[in-house]
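Structural overview
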Amino acid sequence: MTTESTATQTTRAWVDIDLGALVRNGAALWRHAGVPLVPMVKADAYGLGAVACARALEKLDPHGFGVATVREAEELRAAGIRRRIYVFSPLLPADFAAARAARAVPTFGDPAAIAAWVESGGGTWHLAIDTGMHRAGVRWDCIGDVVDLVRDHPPEGAFTHFHSAERNDGSWEAQEARFRKALGALPEKPVLVHAQNSAGIVRRTPSTWSFVRPGVFLYGVGSGDGAALKPEPVVHVRARILELHDLHDGDTVSYTASWRAVGERRVATLGIGYADGYRRALGNKGPALLNGARTCVAGVVTMDMTMIDVTDIACRPGDVVTLIGRDGGQLITVEEIADCADFMSPYEMLTGLRQRLPRVYHEAMP
Ligand SMILES: *Cc1c(COP(=O)(O)O)cnc(C)c1O
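Chains are numbered independently. Their residues run from 1 in the order of the written sequence. Only residues with pLDDT of at least 70 are given local features in this predicted model, and only at 80 or more are side-chain atom pairs given and counted; all residues enter the totals for whole chains, interfaces and linings. Derived side-chain values reflect all non-hydrogen atoms in the structure, with water molecules and hydrogen atoms excluded from consideration.

Turning our attention to the overall build of the protein. By definition, any uninterrupted DSSP run of H or I lasting at least four residues is a helix, any uninterrupted run of E lasting at least two residues is a strand, and each is numbered from the N terminus. In terms of helices and strands, the protein carries twelve helices and 18 strands. Along the first, second and third principal axes, the C-alpha set of the protein runs to 80 × 45 × 35 Å. For the protein, with 366 residues in total, the buried portion stands at 54%. Contact between two residues is taken to exist if any of their heavy atoms lie within 4.5 Å; hydrogens are not considered. In the protein, the share of contacts with a sequence separation of at least 24, taken over all contacts with a separation of at least 6, comes to 65%. Here the accessible surface of atoms and residues is derived via Shrake-Rupley with a 1.4 Å probe, and residues count as covered only by protein chains that are part of the display. Accessible surface for the protein amounts to roughly 15900 Å². Of this, 52% is attributable to carbon and sulfur atoms. For each residue, the accessible area found with a 1.4 Å probe, counting protein chains only, is set against the maximum for its type, and the residue is called buried under 20%, exposed over 50%, and partly exposed in between.

A few words now on unusual backbone geometry. With omega at -15°, the peptide bond leading from Thr205 into Pro206 counts as cis. Mapped onto the secondary structure, Pro206 falls in the loop between α10 (198–203) and β9 (235–247). Look at His134: it is not a glycine, yet its phi comes out positive at around 55°. Within the secondary structure, His134 sits in the loop between β5 (126–130) and β6 (138–139). Positioned with a positive phi, Asp342 is a non-glycine residue whose angle comes to about 55°. Note on placement: Asp342 falls in the loop between α11 (334–340) and α12 (346–351). Under the relative-accessibility criterion, Asp342 is labelled exposed at 52%.

All right, on to the environment of Ala281 then. Within the secondary structure layout, Ala281 lies in the loop between β12 (265–270) and β13 (287–290). Sequence separation of Ala281 and Asn25 is 256 residues, and the distance between their C-alpha atoms is 29 Å. Setting aside its immediate chain neighbours within four residues, Ala281 contacts Cys340, Ala341 and Asp342.

We now examine the site of the ligand. Definition of nearness: a residue and a molecule or strand are near each other if at least one heavy atom of the residue lies within 4 Å of the molecule or strand. Around the ligand sit 13 residues, and of these Lys42, Tyr46, Ser198, Val216 and Tyr347 come closest. Side-chain atoms alone can form a polar contact between residues adjacent in sequence; in general such a contact is a pair of N or O atoms within 3.5 Å, and within protein one must be able to donate a hydrogen while the other accepts it. A distance of 2.9 Å is found between a nitrogen atom of the ligand and a side-chain nitrogen or oxygen belonging to Arg213. Between the ligand and Gly215 there is a distance of 2.9 Å, counted from an oxygen atom to a backbone nitrogen or oxygen. Throughout this entry, Asp, Glu, Lys and Arg are counted as charged residues, while Ala, Val, Leu, Ile, Met, Phe, Trp, Tyr, Cys and Pro are counted as nonpolar. The remaining residues, Gly among them, count as polar. Of the residues in the shell around the ligand, the class split is six nonpolar, four polar and three charged.

Below, the discussion takes up the state of the cysteines. Covalently bonding the sulfur atom of one cysteine to the sulfur atom of another cysteine gives a disulfide. The disulfide criterion used throughout: a pair of cysteine sulfur atoms within 2.5 Å. One pass over the full model with this rule turns up zero disulfides. Free of any disulfide, Cys296 has its nearest cysteine sulfur in Cys340, 7.2 Å distant. Since its relative accessible area comes to 27%, Cys296 is described here as partly exposed. Cys315 carries a free sulfur, and the closest cysteine sulfur to it, the one in Cys296, is 15 Å from it. Since its relative accessible area comes to 13%, Cys315 is described here as buried.

Criterion for a salt bridge: a side-chain nitrogen of Lys or Arg within 4 Å of a carboxyl oxygen of Asp or Glu. By the definition in use, this model includes 17 salt bridges. We note a salt bridge from Glu363 to Lys59, for which the minimum N-O separation is 3.9 Å. In this pair, Glu363 is assigned in the segment after β18 (359–362) and Lys59 in the loop between α4 (50–57) and β2 (64–67), connecting sequence segments 304 residues apart. Residue classification places Glu363 among the exposed residues on the basis of a relative accessible area of 57%. Measuring nitrogen to oxygen at the nearest pair gives 2.7 Å for the salt bridge that ties Glu156 to Arg84. With Glu156 in the loop between α8 (144–152) and β7 (157–159) and Arg84 in strand β3 (residues 84–87), this pair connects stretches of sequence that are 72 residues apart. For Arg84, a relative accessible area of 24% translates into the label partly exposed.

A few words on the packing of aromatic side chains. Ring pairs are drawn from Phe, Tyr and Trp, using the six-membered ring of Trp, whenever the two centres fall within 6.5 Å, and their geometry is named by plane angle: stacked under 30 degrees, edge-to-face over 60, tilted for the rest. In this structure the tally under the stated criterion is twelve aromatic pairs. Taken together, the ring pairs connect Tyr86, Phe88, Phe159 and Phe211 into an aromatic cluster. Stacked on the ring of Trp117, the Lys or Arg Arg100 has its end atom at 4.1 Å from the ring centre. Two conditions define a charge located above a ring, namely a distance within 6 Å from the ring centre to NZ of Lys or CZ of Arg, and an angle within 35 degrees of the ring normal. One residue, Arg178, lies across the ring of Trp140, its end atom 3.8 Å from the ring centre.

A separate point is the environment of Gly273. Structurally, Gly273 can be placed in the loop between β12 and β13. Gly273 has contacts with Arg12, Tyr278, Val301, Thr302, Met303, Asp304, Met305 and Thr306, leaving out every residue within four places of it along the chain.

What follows deals with the side chain of Arg213. The residue Arg213 is located in the loop between α10 and β9 in this model. We note that Arg213 is buried and unpaired, the nearest opposite charge coming from Asp130 at a distance of 11 Å. Neither His nor the chain ends is counted toward charge; the positive residues are Lys and Arg and the negative residues Asp and Glu.

For the pair helix α7 (residues 111–119) and α8, the least separation of the axes is 10 Å and the interaxial angle reads 15°. Classified by the interaxial angle, the pair formed by α7 and α8 is roughly parallel. For the pair α7 and α8, the crossing hand works out as left-handed. Within the contact between the two elements, α7 uses Pro111, Ile114 and Ala115 and α8 uses Asp145, Val146 and Leu149. In this analysis an axis means a line fitted to C-alpha atoms, helices contributing only their contacting stretch, and an angle means the value between N-to-C directions, from 0 to 180 degrees. Angle categories are assigned with fixed cut-offs, so that under 35 degrees is roughly parallel, over 145 is roughly antiparallel, 65 to 115 is roughly perpendicular, and the rest are oblique. For any pair of crossing helices, the crossing counts as left-handed if the nearer helix is rotated counterclockwise from the farther one by less than a right angle, and right-handed if it is rotated clockwise.

Another point: the domain arrangement of the protein. Annotation of the protein at the domain level lists domain 1 (19–219) and domain 2 (235–362). Annotation comment: domain bounds sourced from an automatic or database domain assignment. Centre-to-centre, using C-alpha coordinates, domain 1 lies 37 Å away from domain 2. With eleven residues of domain 1 at the interface, the matching set in domain 2 holds eight residues. For any pair of parts, buried area is found by adding up, for both, the accessible area (1.4 Å probe) each one loses once the two are put together. With both chains or domains summed, domain 1 and domain 2 bury close to 840 Å², and 61% of this area falls on carbon and sulfur atoms. In this assembly, domain 1 and domain 2 are joined by three residue pairs in polar contact (both at pLDDT 80 or more). Broken down by element, the side of domain 1 that touches domain 2 gets its largest block of residues, three residues, from helix α3 (residues 42–46).

Here it is, written out as structure tokens:
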């Protein structure tokens, strides 16, 4: 987080973050799941700011928080977060001491890593069971490889992760069956069992496990049309108009001259570009909201500036344009922008918003 004042944060381009909506999204998931949350605040809470989001989500009395790295756990501890923190990427021994110092709970599936954790002093850990993602954890059909270790040093918890929780392709059922089989093969059932991400929570209610691990839904990204629960938008990307340009028939805009004025046109230059995470793929395509109207990016997005067509929209330098999020009655969702940017993942769009955009937090959106 920056130490600038709010006045200087909103002079060019920034991200308004609606903490009220974040908490309401979490509350909706909590009600739906019927078990406590472990909000995933990894990757700086998907780019929104881990400390601010974790503090806001404490209102929901979460069981703990989930991160991907020990440094992320350290950041939360330094900010005074006292609840459980799980690290959901496997740790190498070089990180064990720091993890213990941060009172972080590691997750392992590799027998050698479990043995190293135990030998280096042990402490609470959870067993990662791979049921088909083949990213992290012990294979469900190789539980025998860890049975002796877990008998002597039982994990407090065991969990898996679904690779296609947002789809109806039968893979959920297959992974769940593997997970149950693996749990049954453990010498004793761990106290805490967990599996569901956002899409899994939305689509499988109530939860039959100990807690749920929502991420993207909290931050305003839903799990598709027809989902039982829809999140409120949380992220609003704004940029101010820096200059206005009146163009004549045939004039072109930006690098490669890919946008050409037909008749008299007016374009506005915004103080945001791909170095802010406003993707170059949005050139000539990205939607924009301005003074109650909806318009479009004109030409290629450049590193620091982006032009939009404002012909027929009354505006002047300093006016605020919304590129993601709500403005008045209109909304551009993260999913819409990600689709528009050559079918990018909304996760990648959110985590790609760069630090040059100050995050401005609101308990309630003005
Ligand atoms: C990131 C992550 C989640 C959250 O996933 P979403 O789809 O963002 O809800 C849950 N569990 C694990 C292990 C993760 O890595």
